[in-house]
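# Structural overview
What follows is the residue order along each chain.
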Amino acid sequence: MSAVSVPFSFNRLALIASNTFLEAVRQRLFNFLLLLAIGLVASAQFFRDFNFGSSELKFIADFGFGALIFFGSALTITATAQLFFSEIENRTALTLLAKPIWRAEFVFGKFLGVFSVIGVFCALTIGLMMALLWHREGQLMAANPEAFEAGRIMRYGDLFMVGVLQWLKFGVLSAIVLLIASFSNTNLYTVVTGFFALVICHLQYLARDSWGNVDSLILRSVVRLLSFVFPNFQLFNLSDEIGQGAGLDPMLAGRVALYAVVYIAVIGGLAVYSFRNREI
Amino acid sequence: MNTSIPAISIQGLTKDFAVTLRGVKLRAVDDLSLQVEEGQVFGLLGPNGSGKSTTIKIILGLLEATVGEVKVFGVPSHQVESRRNVGYLPEAPYFYRYLSGYELVRFYARVCGVPKAQLKARVDDVIDWVGLSQAANRRVGTYSKGMLQRIGLAQALVHDPKLIVLDEPTAGVDPVGSAEMCELILKLKRQGKTVLITSHLLAQIEDVCDRVAILDHGKLMVEGSLLELVGQRDRQALIVDPLPASDIEALREWLASRGHVLNAIEQPRARLDQLFLSKISRAGHLGGNPGVGSNVVPKSSVPKSSSSAPSFTPKA
Ligand SMILES: Nc1ncnc2c1ncn2[C@@H]1O[C@H](COP(=O)(O)OP(=O)(O)OP(=O)(O)O)[C@@H](O)[C@H]1O
Ligand SMILES: [Mg+2]
C-alpha cells in the first residue's frame, strides 16, 4: 500500500480545538465560569474578620484551592462530556469525520479545546485568589508591620505552580472522560462514570496505604494494579507545601507535571483507539 | 485523468447492525455490488429503511463494512485518503449552530486544506452559488430546513471535490429550491464531477440521473441507465389540438389501414410543480436568488400600492 498521503496534521487538530473552544465561548459557558470564580473568591472574604494574621492568608489559599479542585473537577467532567456529545448528538461529527481527517485529530482536538476552557477557569480562579491574597496581605502588613519584617510571606510563584499542576490534573481527568465518552452512548452515562473515576483517582491512595501491604497476594496485586491503572490525584495536592514552609520543590512539581503528561498521552491514545472503530 | 478507475466501486457489501444485546442482527445492506463511473450522476433509490444512507456512510468511512469491499477512486473507504476528493451532504443535516454560515463553510474549507490564499474567494463563491449570500452572516442556528440543506451543499463543495455524495438533498426544500438543486447537479456534471444522490422525489431524479439503482431491504433490485429502465421505445405520443369524435374515428381507421393501433387518448396536464414554478416570482437560477431568508422588513413599511396601479398607460 502507498505511503500515507494524508499525514496527521496539527493544523487540523488546532482547528478542531479552537472550534470546540469557540463553542464554549458562544454557548455562554464562560459567563457562568466567571460568575463562579468571582463567587468563590468573594466568599473567601467572609473569613477576613477572623484576623488570624498570617494563618488567615493560608486559610484563604486553602479555601481557594479547595474550591478550585471541587468546581474544576465538576466542570471538567461535564464540559468534556457535553462538548464531545454535542458533536455526536447533533450529528455534526458525521460531516466532520467525512472529511479527510484522522480520528486521532478529532479526539485530541476535542481534548485540547476542553483543556483550554478549563485553563481559562483555572487562570480566573487562581488570578482572582492571588489578587485577593495580595490585597489582604497588604492590609495585614500595614496593621502589623513587625510580623512582616522580611517582606511578603506568601509565595505567589508557588501558588501559580500549584494552579498549573491542578490544571494538568484536570487534563488527566478530561482524558479519562473522553475515553469513557469514546465508547459510551449517552452523555449521562459518561458524566456519572466520570465522577466514579474521579472518586477512585482521589481515593486510590487510601486503598494502597491500607491494603497494599496485606498478606493476601491476590488482594495486594489487585490494589497495585488499580493504583497503576488509575492515576493518583492525591499527588497533585501540593498546596500544603506552600505558604510558610520551605516552599514548593521545583523538582517535585516537575515530576508531577510529567506524571500528568504521560497519563494524558496514554489515556488519550486509548481514547483514540476506542473511537477509531466507533460507528458514527 | 485515469478514467479506468471507477469513482465508487462496491463489491459484495453486507452490513449488519447489532440491534439487541442478545446479538440479534439487522441486515441493513445485503450483498450489494455497484459501480459508479467517473462523471456520472448516479441515483440510489429505495423506500425508507432500504439501506441507502447506510451504504453512503460506508462509502465515507463513517461505518465499517461487515463483509465486502468499498473503494473510492481505487482507495479502500476506511482509509483517510479515500475522503480527500469527496464532498458529503448528510441527510437532514445539522451544523454548529453557534457559527455563522460564513464561518461554518470557512471552517470546513480549512479542515479540507483549502490554501489560505484562496480561502475567502472559495467560501464566498460557494455561498453565492447556493444562494445564501444574504444570510451568510446569520447564525446557522437560525436557519430554516431548506437553508440548512443549502449551507450543507456549500460545505460539501467548498474544497472542489471530484465526487459529491448527496443524501436526500431536496428533503425539506421547496420546489423552487429543488429545481435549483437539480440545475446545480447538472452544472456539476458538466464540470465533470461524479454525483451520487439519493432521493424519494423520483421525478427529480429522473431529470438529472444517468443511471439509477433501486434498493429494497438492502438488496439491489435493479440497476441501469434511465433509458434502459424506463424508456418505452415501442411507443410514441402525439399531441394535437382537440379533435371531434368523428375525426378520432377516422384517424383510428386510417391508422388501422396502415397496420398501427391507437392505444390511448388522454388529456395532457401540466405538472403541478411546473405550475408552481411559473407562479412563483423568484428567478429560477442559482446564485441570483435573493429570496432565501432575506424577507427584510423595509424600514418605512408603507403599504405598496397594488400592482394594478402601473397598468394605467397613457394613450397618446
Ligand atoms: N446505527 C444503526 N443501528 C442499528 N440499525 C441501524 C442503524 N443505522 C441504520 N439502521 C437500520 O438499517 C436500515 C437501513 O437504514 P438506512 O438509514 O440506511 O435507510 P435509508 O434507505 O437511508 O432510509 P430513509 O429513506 O428513511 O433515509 C434500517 O432498518 C435502519 O433501522
Ligand atoms: Mg436515509
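Attention here is on the structure that accompanies the text. For every chain, the first residue of the written sequence is number 1, and numbering continues from 1 along that sequence. Numbering of ligands from 1 and lettering of chains from A proceed in the order in which they are written. The predicted nature of this model means local features are confined to residues of pLDDT at least 70 and side-chain atom pairs, given and counted, to a pLDDT of 80 or more, with totals for whole chains, interfaces and linings taken over all residues. Side-chain metrics rest on all non-hydrogen atoms present in the structure, leaving aside hydrogens and water.

## Looking at the sheet that holds strand β3 (residues 41-45) of chain B
All names here are of chain B.
- Spatially, the six strands line up as an open sheet ordered β6-β7-β8-β3-β9-β10, and their pairing is mixed. Strands with a single pairing partner mark the edges of an open sheet, and in this sheet they are β6 (86-89) and β10 (219-225). Looking at each pair of strands side by side, their axes are set apart by 15° on average, direction ignored.
- Sheet contacts for helix α1 (residues 52-59): β3, β6, β7 (163-167), β8 (194-198) and β9 (211-216); angle to β8, the most-contacted strand, approximately 145°.
- Sitting on the sheet, helix α5 (residues 175-190) is in contact with β3, β7 and β8, with an inclination near 150° to β8. Between any two strands, at least two bridges found by DSSP are needed for them to pair. Strands are runs of DSSP state E lasting at least 2 residues, helices are runs of H or I lasting at least 4, and numbering of each runs from the N terminus. Between the N-to-C directions of two axes lies an angle of 0 to 180 degrees, each axis being a line fitted to C-alpha atoms and, for a helix, fitted only over the stretch in contact. Residues are treated as being in contact if the distance between any of their heavy atoms lies within 4.5 Å.

## Let's talk about the interface of chain A and chain B
- With 29 residues of chain A in contact, the opposing surface of chain B contributes 33 residues.
- Accessible area that two parts lose when put together, evaluated with a 1.4 Å probe and summed over both, is termed the buried area. By the criterion of area lost to chain B, the three top residues of chain A are L15, R26 and K99 of chain A, representing 20% of everything that side buries.
- Salt bridge, as used here: a side-chain nitrogen of Lys or Arg that lies within 4 Å of a carboxyl oxygen of Asp or Glu. Linking chain A with chain B are two salt bridges, by the criterion used here.
- As a salt-bridge pair, K15 of chain B and E279 of chain A come within 2.7 Å of each other at their nearest N and O atoms.
- A 3.5 Å cut-off defines polar contacts: any pair of N or O atoms within that distance qualifies, except that in protein one atom must be a possible hydrogen donor and the other a possible acceptor, and neighbouring residues in sequence count only when both atoms are side-chain atoms. Here chain A is connected to chain B by 11 residue pairs in polar contact (both at pLDDT 80 or more).
- Of all elements in the fold, only α1 (10-26) and α4 (92-97) of chain A reach the threshold of two or more residues within the side of chain A that touches chain B.
- Broken down by element, the residue count for the side of chain A that touches chain B peaks at six residues, all from α1 of chain A.
- Side-chain classes are defined by residue name, with Ala, Val, Leu, Ile, Met, Phe, Trp, Tyr, Cys and Pro counting as nonpolar, Asp, Glu, Lys and Arg as charged, and the others, Gly among them, as polar. When grouped by side-chain class, the residues that make up the side of chain A that touches chain B number 12 nonpolar, eight polar and nine charged.

## Observations concerning the coordination of the magnesium ion (ligand 2)
- Coordinating donors are taken to be N, O and S atoms lying within 2.8 Å of the metal, or within 3.2 Å when the metal is Na, K or Ca; because water is excluded from the atom set, some sites may appear incomplete. Within the protein, the magnesium ion (ligand 2) binds to S53 of chain B (OG) and E91 of chain B (OE); these donor distances fall in the range 1.9 to 2.6 Å. With a gap of 38 residues between them, S53 of chain B in helix α1 and E91 of chain B in the loop between β6 and α2 (101-111) connect regions that are remote in the sequence.

## Quick notes on the site of ligand 1
Residue and element names in this part refer to chain B.
- Throughout, the term near means that a residue has one or more heavy atoms lying within 4 Å of the molecule or strand in question. As a structural note, the neighbourhood of ligand 1 is formed by 15 residues, with N48, G49, K52, S53 and T54 the closest of them.
- E91 is positioned such that a nitrogen or oxygen atom in its side chain is 3.0 Å from an oxygen atom of ligand 1.
- Within the complex, 65% of the 640 Å² of free accessible area of ligand 1 lies under protein.
- Contributing elements (two or more residues each) for the shell around ligand 1: β2 (25-36) and α1.
- It is α1 that provides the largest number of residues to the shell around ligand 1, a total of three residues. Throughout, the Shrake-Rupley method with a 1.4 Å probe supplies accessible areas, and for residues the shown protein chains are the sole cover considered.

## Section: the pairing of β6 of chain B
Residues and elements named next belong to chain B.
- Three exposure classes are used, based on accessible area relative to the maximum for each residue type with a 1.4 Å probe and protein chains only: buried under 20%, partly exposed in between, and exposed over 50%. Burial along β6 is two-sided: V86 and Y88 facing one way and G87 and L89 facing the other are all buried.
- In the sheet, β6 pairs with β7 via four bridges, with the strands oriented parallel. Counted as the bridge partner of V86 is L163 from β7.

## Some remarks on the packing of aromatic side chains
- Stacked, tilted and edge-to-face are the three classes assigned to paired rings of Phe, Tyr and Trp, where Trp is represented by its six-membered ring and a pair needs centres within 6.5 Å; plane angles under 30 degrees give stacked, over 60 edge-to-face, the rest tilted. Applying the stated criterion across every chain, the model contains 17 aromatic pairs over all chains.
- Within the aromatic cluster, the residues linked to one another by ring pairs are F95, Y96, Y98, F107 and Y108 of chain B.
- Working rule: Lys NZ or Arg CZ, within 6 Å of ring centre, within 35 degrees of ring normal, means a charge sits over the ring. Note that R103 of chain A overlies the ring of F275 of chain A, its terminal NZ or CZ placed 5.4 Å from the centroid.
- K162 of chain B extends its terminal NZ or CZ atom over the ring of F73 of chain B, reaching a point 4.5 Å from the ring centre.

## Considerations on the packing of helix α4 (residues 145-157) of chain B against α5 of chain B
All names here are of chain B.
- Two elements in contact, α4 and α5, have axes separated by 12 Å at closest approach and are oriented at 10°. One finds that α4 runs roughly parallel with respect to α5. Contacts from R150, L153 and L157 in α4 reach G177, E180, M181, L184 and L188 in α5.
- Class assignment of the residues belonging to the contact of α4 with α5 gives a composition of five nonpolar, one polar and two charged. With respect to orientation, any angle under 35 degrees is reported as roughly parallel, any angle over 145 as roughly antiparallel, any angle of 65 to 115 as roughly perpendicular, and every other angle as oblique.

## Examining the sheet that holds strand β1 (residues 8-18) of chain B
All names here are of chain B.
- Read from one edge of the open sheet, four strands run β2-β1-β4-β5, paired in antiparallel fashion. Both outer strands of the open sheet, β2 and β5 (75-76), are each paired with one neighbouring strand and no more.
- Two elements, β1 and β2, share eight bridges in a ladder whose sense is antiparallel. The partner of I8 across the bridge, within β2, is V36.
- Of the strands in this sheet, β1, β2 and β4 (67-72) touch α1, which is tilted by about 115° from β1.

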